[in-house]
Amino acid sequence: MSRSLQEYHARWQQAMQKLNIGEIVEDPELTHESCVIFETAHSTPMGEGMTALPDFGDAICYYRYYRIPDELEPQEPQEHSSDIDDLLPGLAILKQSWERRRPKLSDDEHHARRTAAEQALDDLLEEFVQQGYRTEMSTRLREIVNYELFDFELDNMYVLPMDLEALLSSVGNPLADYDAYESEEEAEAHAPAFDLSNPEHRAALKESIFMVGR
C-alpha cells in the first residue's frame, strides 16, 4: 500500500516518540512490497541480521529515524564494568577495540553529519513516493547509510517481488526439509517451489529471515 510523504514521516515520528518501532520493523506479513535488509555491525560479534520492513519507503525511514539518530548522537564516555569484563573478556576486548577505531568527532561534527544524512534520506524518500521504486534507489540507500554510519553497515537489500530469487538464495528455501536428506542440495531439490502468494510460504520465509544472525 503506497503512502504519502507526510504519512511516512508521521508514522515513524510517532513510533519513535513511543519508543516502539516494533510494529513497523516486525512486518506482520510479507507482501509483494516488502523490503528485507541485511546489516552487520562492527561493535559486536553477533552483529549481523535481517529485518523485514513493509516497503522500501519504510527501509529509508528505518535509517532516517532509527539508525542515523541513534549512532550520530554525540557519544558519552562509557564506564566499563569489571564484572562483565571478567565474565565476557572476548566481548570486552571487542568493544574496547571498536571504541578505539571509532572516529572521534566533536558535537558540531556529529550534528553536521546527522543533518546531511537526514537530508539525503528525506530526498530519497520523496523521490520514492513521487516516482516509485527503481533498483538504483537501493544502491543510493546503501551509499548514504554506509558513508554516514560508523558501526552498522547495510550489506544487502531485497525488495520483493523482484529480489525474491536472490533472497531465497541467501536464506535458503524455507520449505526444504533439511533433516530428511543427507545434503542441503538434495533437500532443496525435493522442496516444493516457493510461492509468494501463499501465506504459509510467506510465514516460513519470515521465520527464516528472523533467524539470520540469531
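Below is a summary of the structure that appears in this document. The structure presented is a predicted model; accordingly, all values stated were derived computationally and were not measured.

Definitions and limits used
Residues numbered from 1 in each chain as written. Predicted model: local features only at pLDDT ≥ 70, side-chain atom pairs only at ≥ 80, totals over all residues. Heavy atoms only, no water. Helix = DSSP H or I, 4+ residues; strand = E, 2+ residues; numbered from the N terminus. Expected span 1.5 Å × (residues − 1). Buried < 20%, exposed > 50% of the residue type's maximum accessible area, 1.4 Å probe, protein only. Contact = heavy atoms within 4.5 Å. Core = buried A, V, L, I, M, F, W, Y, C linked by side-chain atoms within 4.5 Å. Arc of directions from axis to C-beta. Pairing = 2+ DSSP bridges. Axes fitted to C-alpha atoms, helices over the stretch in contact; angles between N-to-C directions. Salt bridge = Lys/Arg side-chain N within 4 Å of Asp/Glu carboxyl O.

### A word on helix α6 (residues 107-131)
Along an α-helix, residues three or four positions apart point the same way, because every turn accommodates 3.6 residues. The end-to-end C-alpha distance of α6, which contains 25 residues, comes to 36 Å, matching closely the 36 Å that a straight helix rising 1.5 Å per residue would cover. Considered for burial, the residues of α6 that qualify are His110, Ala117, Glu118, Leu121, Asp122, Leu124, Leu125, Glu127 and Phe128. In this fold, the buried residues of α6 make contact with α1 (5-17), α3 (56-71) and α7 (135-148). Gly132, located one to two residues past α6, shows a positive phi value of around 85 degrees.

### Thoughts on the environment of Ser43
Summarising the element assignment, Ser43 is placed in the loop between β1 (35-41) and β2 (48-53). With 107 residues separating them along the chain, Ser43 and Phe150 place their C-alpha atoms 9.6 Å apart.

### Let's talk about the nonpolar core
Formed by 33 residues in total, the largest nonpolar core has its most connected members in Trp12, Ile37, Phe56 and Leu141. The set of elements that each furnish at least two residues to this core consists of α1, α2 (22-25), β1, α3, α6, α7 and β3 (152-159). Top element by residues in this core is α3. It accounts for 8 residues. Counting residues in hydrophobic clusters, the runner-up holds 15 residues, among them Phe38, Ala52, Leu160 and Leu205.

### As for unusual backbone geometry
The omega angle of the peptide bond from Leu160 to Pro161 is 0 degrees, so this bond is cis rather than trans. Following the sequence through the fold, Pro161 ends up in the loop between β3 and α8 (164-171). If you check the backbone angles, Leu19 has positive phi at about 55 degrees while not being a glycine. As for its placement among the helices and strands, Leu19 is situated in the loop between α1 and α2. When its relative accessible area of 77% is taken as the criterion, Leu19 is described as exposed.

### Description of α8
Buried within α8 are the following residues: Leu164, Leu167 and Leu168. Seen along its axis, α8 keeps its buried residues to an arc of 100 degrees; they face one direction. Of the exposed residues in α8, those oriented more than 90 degrees away from the buried face are Glu165 and Ser169. Taken together, the buried residues of α8 touch β1, β2, β3 and α10 (199-211). Phi for Gly172, located one or two positions after α8, is positive at around 90 degrees.

### Side note on the sheet that holds β2
The strand order across the open sheet built from 3 strands is β2-β1-β3, with neighbouring strands paired in antiparallel fashion. The open sheet has two free edges, formed respectively by β2 and β3, since each of these has just one partner strand. Averaged over all adjacent pairs, the angle separating strand axes in this sheet is 20 degrees, with direction ignored. Along the sheet, α3 contacts β1, β2 and β3; its crossing angle with β1, the most-contacted strand, is approximately 25 degrees.

### So, the pattern of salt bridges
Applying the stated criterion across every chain yields a total of 12 salt bridges. One salt bridge connects Asp55 with Arg3, and the closest N-O pair in it is separated by 3.4 Å. Within this pair, whereas Asp55 is found in the loop between β2 and α3, its partner Arg3 is found in the segment before α1, the two being separated by 52 residues in sequence. Since its relative accessible area comes to 5%, Asp55 is described here as buried. Close ionic contact of Arg134 with Glu136 constitutes a salt bridge, the shortest N to O distance being 2.6 Å.

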